[in-house]
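Listed below are the residues making up each chain.
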Amino acid sequence: MIDMAAAYNRYKFLGYEFLTWLWYTLELETEKLTDADHNEIDLKIGNRLVLENRTHNNIESIIIKGDDPGLEEGLLALKKGAFVTEIELVLQEGDFQWHFSIKGESLNINGIKTPATGPVERNDDIEGAVLEKIFLLEKPISLLDTLYEKFIKAKISPDWNQDTAHKIQKWIKA
Amino acid sequence: MGLLTSSISITRYKVNGELQTPIKESIYNGLRKNLIQDIDKQPIDRVVGWTSFENPYIPDFQEESLFFGSHIIFSLRIDKKTLPTKLIKKFVAIETAKLLKQSGREFLSANEKKTIKDEVIDRLNQGIPATPNIYDVIWAYEEKSLWFLSNLKAANEELETLFLKSFDLTILRLFPYTGAYFMKTLSDSEKDLLTNLSPTQFSE
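Reading the values: the criteria
- Residues numbered from 1 in each chain as written.
- Chains lettered and ligands numbered in written order.
- Predicted model: local features only at pLDDT ≥ 70, side-chain atom pairs only at ≥ 80, totals over all residues.
- Heavy atoms only, no water.
- Axes fitted to C-alpha atoms, helices over the stretch in contact; angles between N-to-C directions.
- Helix = DSSP H or I, 4+ residues; strand = E, 2+ residues; numbered from the N terminus.
- Parallel < 35°, antiparallel > 145°, perpendicular 65-115°, else oblique.
- Left-handed = near helix turned anticlockwise from the far one by under 90°.
- Contact = heavy atoms within 4.5 Å.
- Nonpolar A, V, L, I, M, F, W, Y, C, P; charged D, E, K, R; others polar.
- Pairing = 2+ DSSP bridges.
- Buried < 20%, exposed > 50% of the residue type's maximum accessible area, 1.4 Å probe, protein only.
- Buried area = accessible area lost by both parts, 1.4 Å probe.
- Polar contact = N/O pair within 3.5 Å; in protein donor to acceptor, adjacent residues only side chain to side chain.

Caption draft 1: Spotlight on the packing of helix H2 (residues 85-103) of chain B against helix H3 (residues 110-127) of chain B. Residues and elements named next belong to chain B. Their axes nearest at 9 Å, the elements H2 and H3 cross at an angle of 125°. The orientation of H2 with respect to H3, classified from their angle, is oblique. With respect to the hand of their crossing, H2 and H3 are arranged in right-handed fashion. Along the contact surface, H2 presents Leu 87, Ile 88, Phe 91, Val 92, Glu 95, Thr 96 and Leu 99, while H3 presents Ile 116, Lys 117, Val 120, Ile 121, Arg 123 and Leu 124. Looking at the contact of H2 with H3 residue by residue, the class counts come to nine nonpolar, one polar and three charged.

As structure tokens, this is what we get:
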């Protein structure tokens, strides 16, 4: 394995490409969105999408936010060579909803809002609330792992350029 | 208890290595060895240490407040005193004037100025309480996985250093490369492919 600090900077692009792949998949190949047990999931882009364009020696940030934001400007930015640096997602399971953001550079998960846990009124309630919260947090984390694995398998596949990358290029161009 | 707040940020780690048995004993010892120290009324301006999840201001590691199912939960506490620059400037000016008057000189040497500033900072630090920042740690020992409930770079660096010092175990941050490299389903030849990957240009 290579040096950690060097690896962080050298492979940031994997995180950015993952988020771009994820957006494409959410738009056009939702059948690929399954959890670790191959169950279909209901995942949508939330209220915030951040892109960055580093061409022409400048860094241009494009932030799209708001309720149910139109993503046309994001696609236009992709067309101009930008990549997705941060995406907010909403995971729905029955009546339960999770909101969370993923940063491409680090794959850190920010601002996770889980369905509410039971109230803590006495000290005895803490253990139950903690275990419930961990269970609820595992949901988006495990989903992120499953989706990232799908992306990595596609990226290292010999068909990446002809298949996945080509489809994403066509989507951006359309 | 950051874990029970409504909005959570997580940095994930892979834990390398194993603790000496009995494991619980090693965990207690590691935590107690680097328990947060009280720096109020002391000239020290910053301290980092472990504290208990349920009672972070009066740390006490009891089994029921450390082990939750298969998870070990505790917190990293960083206490810091922040002195306003204008306050330091005021007292340095007072002390400088006092020393100049006593010595009958017009100027002080660079060394003398530094000594005055250090003494002023030490004195002021003794008079203000430290502000605590608490970040929860959730360690799934069997899975060699650790969640740190902060994305702040400085806090993550403190965690990595203190964890190694306390448990003699390294923790590796999961980011795009390591997240892929440590996937259980990736073969050695696939790891080589991963290392040789380059960016794809999606636009024309």
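Picking up after the structure, the text goes on.
Caption draft 2: Examining the pairing of strand S5 (residues 131-140) of chain B more closely. All names here are of chain B. Examined bridge by bridge, strand S4 (residues 71-80) and S5 share 10 bridges and lie antiparallel to one another. Bridge assignment links Arg 77 to a residue of S5, and that residue is Ile 134. Across four bridges, S5 lies against strand S6 (residues 145-148) in antiparallel orientation. The residue of S6 that forms the bridge with Val 137 is Phe 148.

Caption draft 3: A look at unusual backbone geometry. Of the consecutive residues Thr 21 of chain B and Pro 22 of chain B, the connecting peptide bond is found in the cis state with omega at -5°. Looking at where Pro 22 of chain B falls in the secondary structure, it is placed in the loop between strand S1 (8-16) and helix H1 (23-33). Of note in the backbone geometry, Leu 107 of chain A takes a positive phi value of approximately 60° without being a glycine. Topologically, Leu 107 of chain A is positioned in the loop between strand S4 (96-103) and strand S5 (109-113). For Leu 107 of chain A, a relative accessible area of 10% translates into the label buried.

Caption draft 4: Quick peek at the interface of chain A and chain B. On the chain B side, the residues contacting the 52 residues of chain A number 47 residues. Surface buried jointly by chain A and chain B totals about 4,200 Å² across both partners, of which 67% is contributed by carbon and sulfur atoms. In this assembly, chain A and chain B are joined by 17 residue pairs in polar contact (both at pLDDT 80 or more). With 18 residues, helix H4 (residues 125-156) of chain A is the single largest residue contributor to the side of chain A that touches chain B. Residues belonging to the side of chain A that touches chain B are distributed by class as follows: 28 nonpolar, 10 polar and 14 charged. For S5 of chain A and S1 of chain B, the ladder comprises two bridges, and the chain directions are antiparallel. Across the sheet, residue Ile 109 of chain A finds its bridge partner in S1 of chain B, namely Ile 10 of chain B.

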